[in-house]
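# Close look at the chain arrangement
Chain by chain, the residues:
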Amino acid sequence: MSLSFALNRTCAPQLALPEFIALATRVGVSAVEIRNDIEGREFHDGTPAAEVRARLTEAGLAVASVNALQRFNEWTPERAREAEAIIAYAAALGAPGVVLCPVHNEDHGWSEAEAERNLREGLRQLRPILQAHGVTGYVEPLGMKGSTMKRQEMAVGAVGDIDGWDTYRLCYDTFQFFRCGDTRLFPERIGLAHMSGIARFDLGPGELTEPDRGLIFVGDRVGNVAQLRALQAAGYRGFVSMEPFSPEVQHDPRLPQHLRASLDYVATLLSPA
């Protein structure tokens, strides 16, 4: 298949780390994404990165990323401290990168020019922190209303302008790509991919929100398989991480079976005929 599946912590944020690791091994993924924004779980609860790393290594799992530094394009002294803590944790964990998410609220008040300027400033300020720890920044465009960086092209332009491709890669999210109607692929710039499915048909793409994101089966509106086939054909060979936010998925009593079925469904359709 040439793509490697990973499991984002959003699949089961209610599980303690050992149970999440057991879930990941049971469904057959090769890596996980650790999150820094789940109360009472690793990072937030103070679990040392060395302990998390040891548990994952024992289970034969790699770390796809630490997800995420929020509002990275709104640079402040507080953001600098937050970035240092998250990136240092990622380095100790052995994570290759940290996902970077932009400001996304409808009352941000930025003009287009301000959004472009703030994006470049955040990337410039983050670069030496990432470099000092040997960690890549996975810049993730978000397609919702109020996002200050919706499309892949905007991220690519900004990283290019600061000559930052030694430090940055894109985080490509199939749902975000679908939600904002993006059309341009930059596979040579992608370091990590996220996937999730949409089953509801009563809302337009721009009206969908994170809790609508589920597993991927027949009838998926996002077109995950087509998007991932395009990435494959263009040469992408990295992790593709399942990232649902649906409470129904997270609290599904048959989550292991349904998650494995979804991963198998995608893998089968991505395999050469």
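Here we summarise the structure given alongside this text.

## Considering the packing of aromatic side chains
Tallied over the full model, the rule gives two aromatic pairs. Ring centres 5.0 Å apart and planes at 80 degrees place the aromatic pair phenylalanine 43 and tyrosine 89 in the edge-to-face group. Taken as a pair, phenylalanine 43 in the loop between β2 (31–35) and α2 (49–58) and tyrosine 89 in helix α3 (residues 77–93) lie far apart in primary sequence, 46 residues in all. By relative accessible area, which is 22% here, phenylalanine 43 ends up partly exposed. For the ring pair tyrosine 172 and phenylalanine 177, a centre distance of 5.0 Å and an interplane angle of 45 degrees mean the geometry is tilted.

## A look at the sheet that holds strand β6 (residues 168–173)
Strand order in the closed barrel formed by eight strands is β1-β2-β3-β4-β5-β6-β7-β8, with parallel pairing between adjacent strands. Averaged over all adjacent pairs, the angle separating strand axes in this sheet is 30 degrees, with direction ignored. Across the sheet, helix α1 (residues 17–27) is in contact with β1 (4–8) and β2; its angle to β1 comes to roughly 155 degrees.

## Regarding unusual backbone geometry
A cis amide bond links asparagine 67 to the next residue, alanine 68, at an omega of 15 degrees. Mapped onto the elements of the fold, alanine 68 is located in strand β3 (residues 62–69). Here phenylalanine 43, not a glycine, exhibits a phi torsion of approximately 75 degrees, which is positive. With a phi close to 55 degrees, aspartate 163 is a non-glycine residue in the positive phi region. Relative to the helices and strands, aspartate 163 is located in the loop between α5 (152–161) and β6. Residue classification places aspartate 163 among the exposed residues on the basis of a relative accessible area of 59%.

## Observations concerning the pattern of salt bridges
Inspection of every chain in the model, using the stated rule, returns 20 salt bridges. Close ionic contact of glutamate 153 with arginine 184 constitutes a salt bridge, the shortest N to O distance being 3.0 Å. Taken together, the residues span a long stretch of sequence, with glutamate 153 in helix α5 and arginine 184 in the loop between α6 (174–179) and β7 (190–195) at a distance of 31 residues. A residue is classified by how much of its surface remains accessible, and glutamate 153, at 43% relative accessible area, is partly exposed. Taken together, the shared-partner salt bridges connect Arg35, Asp37, Asp173, Arg179, Glu210, Arg213 and Glu243 into one network.

## Structural notes on the packing of α1 against α2
Where α1 contacts α2, the two axes come as close as 10 Å, and the packing angle between them is 30 degrees. Classified by the angle their axes make, α1 and α2 are roughly parallel. Where α1 crosses over α2, the two elements pack in a sense that is right-handed. Residues Leu17, Pro18 and Ile21 of α1 form the contact with α2, whose own contacting residues are Val52, Arg55 and Leu56.

## Quick word on the side chain of threonine 148
Mapped onto the elements, threonine 148 comes out in the loop between β5 (136–139) and α5. Threonine 148 gets classed as buried once you look at its relative accessible area, which sits at 4%. Looking at threonine 148, its side chain comes within polar contact range of the side chain of asparagine 73, at 2.8 Å. In terms of polar contacts, threonine 148 uses its side chain to reach the backbone carbonyl oxygen of valine 103, at 2.8 Å. Contact partners of threonine 148, with chain neighbours within four places excluded, come to Asn73, Pro102, Val103, His108, Trp110, Ala115 and Met154.

Reading the values: the criteria
Residues numbered from 1 in each chain as written. Predicted model: local features only at pLDDT ≥ 70, side-chain atom pairs only at ≥ 80, totals over all residues. Heavy atoms only, no water. Phe/Tyr/Trp six-rings, centres within 6.5 Å; stacked < 30°, edge-to-face > 60°. Helix = DSSP H or I, 4+ residues; strand = E, 2+ residues; numbered from the N terminus. Buried < 20%, exposed > 50% of the residue type's maximum accessible area, 1.4 Å probe, protein only. Pairing = 2+ DSSP bridges. Axes fitted to C-alpha atoms, helices over the stretch in contact; angles between N-to-C directions. Contact = heavy atoms within 4.5 Å. Salt bridge = Lys/Arg side-chain N within 4 Å of Asp/Glu carboxyl O. Parallel < 35°, antiparallel > 145°, perpendicular 65-115°, else oblique. Left-handed = near helix turned anticlockwise from the far one by under 90°. Polar contact = N/O pair within 3.5 Å; in protein donor to acceptor, adjacent residues only side chain to side chain.

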